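Structure at a glance
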Amino acid sequence: MKKLMLFLMLTSALFVAGCNNISIGKQYTDEEYKQAEEVAKTFIKTNYEAIDTVKIEHVGDDTKDSKSILVEGYANNVPFSIQVTVENMKVYAIGTGEDFPERKEEYKDRVAQ
């Protein structure tokens, strides 16, 4: 019985500690993260040629810029990362992997948001 009580107490303590740890560093609302994800998906589909799939792997605080959200994922199985400025929900910067699809001709000199 003592072992069961000890197990339950330890499990509860670890659960509470884990839940608290998840919220540490979360700078924006869930809605802002979701909106940044949608902005990134739309940006990729609008500005690049022949995008068949966009899969988002991570959306979270950008450790390099406290005013943007970092969205990481794959387009046509090639990695990308996009910084979305929270203030206006626009793409601030993008990094792409080798073999990433080409920019659409109409967006080579400008960016569609």
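The present account deals with the structure reproduced in this document. No experiment lies behind these values; they were computed from the predicted model shown. (Residues numbered from 1 in each chain as written. Predicted model: local features only at pLDDT ≥ 70, side-chain atom pairs only at ≥ 80, totals over all residues. Heavy atoms only, no water.)

A short note on the pairing of strand 3 (residues 78-85)
Bridge analysis of strand 2 (residues 68-75) against strand 3 gives eight bridges, and the strand direction is antiparallel. When the sheet's bridge partners are listed, Leu-70 is paired in strand 3 with Gln-83. Between the end of strand 2 and the start of strand 3, which pair antiparallel, lie two residues, with Asn-76 showing a positive phi angle near 50 degrees. Taking the residues between adjacent antiparallel strands as the criterion, strand 3 and strand 4 (residues 90-96) are bridged by four residues, where Met-89 takes a positive phi near 50 degrees. (Pairing = 2+ DSSP bridges. Helix = DSSP H or I, 4+ residues; strand = E, 2+ residues; numbered from the N terminus.)

Concerning the side chain of Gln-83
Within the fold, Gln-83 resides in strand 3. Since its relative accessible area comes to 16%, Gln-83 is described here as buried. Excluding residues that lie within four positions of it along the chain, Gln-83 makes contacts with Asp-62, Asp-65, Ser-68, Ile-69, Leu-70, Lys-90, Val-91, Tyr-92 and Ala-93. (Buried < 20%, exposed > 50% of the residue type's maximum accessible area, 1.4 Å probe, protein only. Contact = heavy atoms within 4.5 Å.)

Considerations on the pattern of salt bridges
For the structure on display, the rule yields five salt bridges. With a shortest N-O distance of 3.6 Å, Lys-41 and Glu-37 are connected by a salt bridge. Of this pair, Lys-41 and Glu-37 both sit in helix 2 (residues 30-47), separated by four residues, roughly a single helical turn. The class for Lys-41 is partly exposed, based on a relative accessible area of 21%. Salt-bridge contacts for Glu-38 lead to Lys-41; the nearest nitrogen and oxygen are separated by 3.9 Å. You can see Glu-38 and its partner Lys-41 sitting in helix 2, three residues apart, about one turn around the helix. Accessibility expressed as a relative area gives 37% for Glu-38, which makes it partly exposed. (Salt bridge = Lys/Arg side-chain N within 4 Å of Asp/Glu carboxyl O.)

Nothing here speaks to function; it is all geometry.
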